[in-house]
Amino acid sequence: MLRSDVLVVGSGAAGMYAAIAAARAGSNVLLVDRSLIGRGGATVMAQMTVAVAVGEEEPDHWEHHLADTLKAGRGLCDADLSQLLCEDGPACIREMDEWGVGWARRDGHMAQVHAPGHDRKRCVYVDFLNTGPAVSKTLRARVQRTAEIQRVGDLVVTELAIRDGMCVGAHAVHTPTGASVPIAAKATVLATGGLTRLYARNSASINMGGDGYALALRAGAELIDMEFVQFFPIGHLAPRLVGMDPIMWDPFRYKLGGRLLNSEMKEFLPEEGRYISARDVATHGILKEVAAGRGSPHGGAWLSFQHCSEAVLREAFGPVIDRLAANGIDLTRQPIEVAPIAHYHMGGMRAGADMQTTVPHLFAAGEAVGGANGANRLSGNAITEALTFGRRAGERAAALAAKIPMPAIEPSSGFSSNRSKINPAAEIVRLQKLMNEHVGPLRTQGGLERALQEIRQMCGDLPPPRAGLDPEWMDLHDLRNMRLVAECVTRAALARTESRGAHQREDFPETSAAWERHQTIRV
């Protein structure tokens, strides 16, 4: 049995910042992750920019950032959450600067770029696609130096512990041994990230299959806006790219005016705002060209930097040019193919500005929270959201923990005694293909209904893990959660009979004023 004032599940940027904030507020913290602490999740893979109104390149204010966030959200942002993200962002970014993250600088000031959907230069970054790794490394070092934070990796949380309607901790499995590990906690923070592993083409790490959503839903929490999955418009498609992030092209596109071309080598996005269009606009623009038979050979669009000299490319890309060359890519001679790729989830757990979910003593942080970004996330808001929401969740969880005694925790409800008769790895691949085909960027009633029918036929009970590392059990655990979350996304998409932001229905192409509202899912 483990005990802690505050339990934080997930150790990306949101989880680590939550742990740090709770510890400096006086709590003993247990930070757990199914992989290595600080090395899983989405943050470490994020290579681009962070939106924050620090105003170092040109005058700015968080209210301007908020206005752009609300505009990108297509009328569905939770204004309180959006304001928290924008208003608290500068303080978090400056604190990260003090901790040595290494934001790029120009003339003594933080360098900022004009990212898609913003009205000015607002996004900070760490040079040469190193933003996410630098943020993770900085937070990881801070966590390691904080004595009040106990770190435990290789721990898979299988269910939240609920007593009298309140969260009192969690039940977990230690994957190397198969041992059950009950965890008692006064307050619990879920910082488990998103769900993009549900899709065959995704930019996610392997632990982004919606675990937190499934845990919260089974514990009685409400989920919100589950239909809104953001597809990054220019994920790498071809030629083969090894060892590099498939979403690396965006900052170079708007920095150098990278040209998106159809099969006729013509630009197809509207000239006004061509390089700073919001992600949903660019995604649907590419898919329309493909549908019209003007796509690139592998079913996407061409991205060309051939108008740039080798010197300009090397100045912008730095050592990335050499890594591209190792992949056989010479941007002065050839365009590359790009296509939309599942990247982020706007929905998630319903939470207030204190990060409290609808289950008492259960908090959420980062991408696990739904509502802040509405129907479409503004470029650069993901890490800002992780930091601001993580800090707020840690502070509020610690404040609660200071007022209440350590709870008792009931034994786990356990697992089925039956071994699985399915191939869970194959079923995960089938689910990912199904989601990509029918619950992707373009949706129809027929496709959604077919997906829902097949999803409901997948997976049964989760059997007990065997002693020692049990890959089959891990796949079954993942499939169980992914199936539940996929059903939530599909049901919500089927119910929303309009097109808005990242949710596009080919059979309901217009945006409806009657649908300017959230959908909530609960068991």
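Before any of the text, the structure's been laid out above.
Residues numbered from 1 in each chain as written. Predicted model: local features only at pLDDT ≥ 70, side-chain atom pairs only at ≥ 80, totals over all residues. Heavy atoms only, no water.

Q: Account for empty space enclosed by the protein, with residues named and values stated.
A: Counted by the stated rule, this structure contains three cavities of 30 Å³ or more. Space inside the largest cavity adds up to approximately 680 Å³. In terms of lining, the largest cavity is formed by 48 residues, of which the most central are Gly41, Ala42, Thr43, Met208 and Glu367. Residue assignment for the lining of the largest cavity shows that the elements contributing at least two residues are helix H1 (13-24), strand E8 (155-163), helix H5 (211-218), strand E15 (336-345) and helix H10 (381-401). If one sorts the elements of the lining of the largest cavity by residue count, H10 sits on top with five residues. Tallied by class, residues from the lining of the largest cavity come to 22 nonpolar, 18 polar and eight charged. (1 Å grid on protein atoms, 1.4 Å probe; cavity = no way out; pocket = protein on both sides within 12 Å on 5 of 7 lines; lining within 4 Å. Points joined across faces, edges and corners; volume = space filled by probe spheres on them. Helix = DSSP H or I, 4+ residues; strand = E, 2+ residues; numbered from the N terminus. Nonpolar A, V, L, I, M, F, W, Y, C, P; charged D, E, K, R; others polar.)

Q: For the pairing of strand E9 (residues 166-174), give the residues involved together with the corresponding values.
A: Taken across its nine residues, E9 has seven buried, putting it largely inside the fold. As defined by bridge partners, E9 adjoins strand E10 (residues 179-190) across six bridges and the pair is classed as antiparallel. Residue alanine 172 lies in a different strand from E10, and its bridge partner there is valine 181. Linkage of E9 to E10, two consecutive antiparallel strands, is achieved through a turn of four residues, within which glycine 178 is found at a positive phi near 80°. (Buried < 20%, exposed > 50% of the residue type's maximum accessible area, 1.4 Å probe, protein only. Pairing = 2+ DSSP bridges.)

Q: With reference to specific residues and values, describe the packing of aromatic side chains.
A: Summed over the entire model, instances satisfying the criterion amount to six aromatic pairs. Note on phenylalanine 305 and phenylalanine 317: the rings are 5.8 Å apart at their centroids and 90° apart in plane angle, and the pair reads as edge-to-face. Of this pair, phenylalanine 305 sits in the loop between strand E14 (301-304) and helix H8 (310-317) while phenylalanine 317 sits in helix H8, placing them twelve residues apart in sequence. For the pair phenylalanine 305 and phenylalanine 317, one class covers both residues: buried. An aromatic cluster is defined as three or more aromatic residues linked by ring pairs; in this entry it consists of Trp249, Phe252, Phe305 and Phe317. Against the face of tryptophan 515 rests arginine 517, its NZ or CZ located 4.0 Å from the ring centre. (Phe/Tyr/Trp six-rings, centres within 6.5 Å; stacked < 30°, edge-to-face > 60°. Lys NZ or Arg CZ within 6 Å of the ring centre and 35° of its normal.)

Q: Before we move on, could you go through the side chain of threonine 388 and cite the residues and values that matter?
A: Structurally, threonine 388 can be placed in helix H10. Within polar-contact distance, the side chain of threonine 388 engages the backbone oxygen of glutamate 385 at 3.4 Å. If we skip the residues at most four places from it in the chain, threonine 388 touches Leu84, Leu85, Asp88, Gly89 and Cys92. (Polar contact = N/O pair within 3.5 Å; in protein donor to acceptor, adjacent residues only side chain to side chain. Contact = heavy atoms within 4.5 Å.)

Q: Kindly report on the sheet that holds E14, identifying the contributing residues and their values.
A: Reading across from one edge, E12-E15-E14-E13 is the order of the four strands in this open sheet, with antiparallel pairing throughout. In the strand order of this sheet, the two ends are held by strand E12 (229-238) and strand E13 (259-261), each with one partner. Adjacent strand axes in the sheet meet at a mean angle of 45°, parallel and antiparallel pairs treated alike. The pairing of E12 with E15 spans seven bridges and is antiparallel. The residue bridging glycine 235 from the neighbouring strand is alanine 339, located in E15. (Axes fitted to C-alpha atoms, helices over the stretch in contact; angles between N-to-C directions.)

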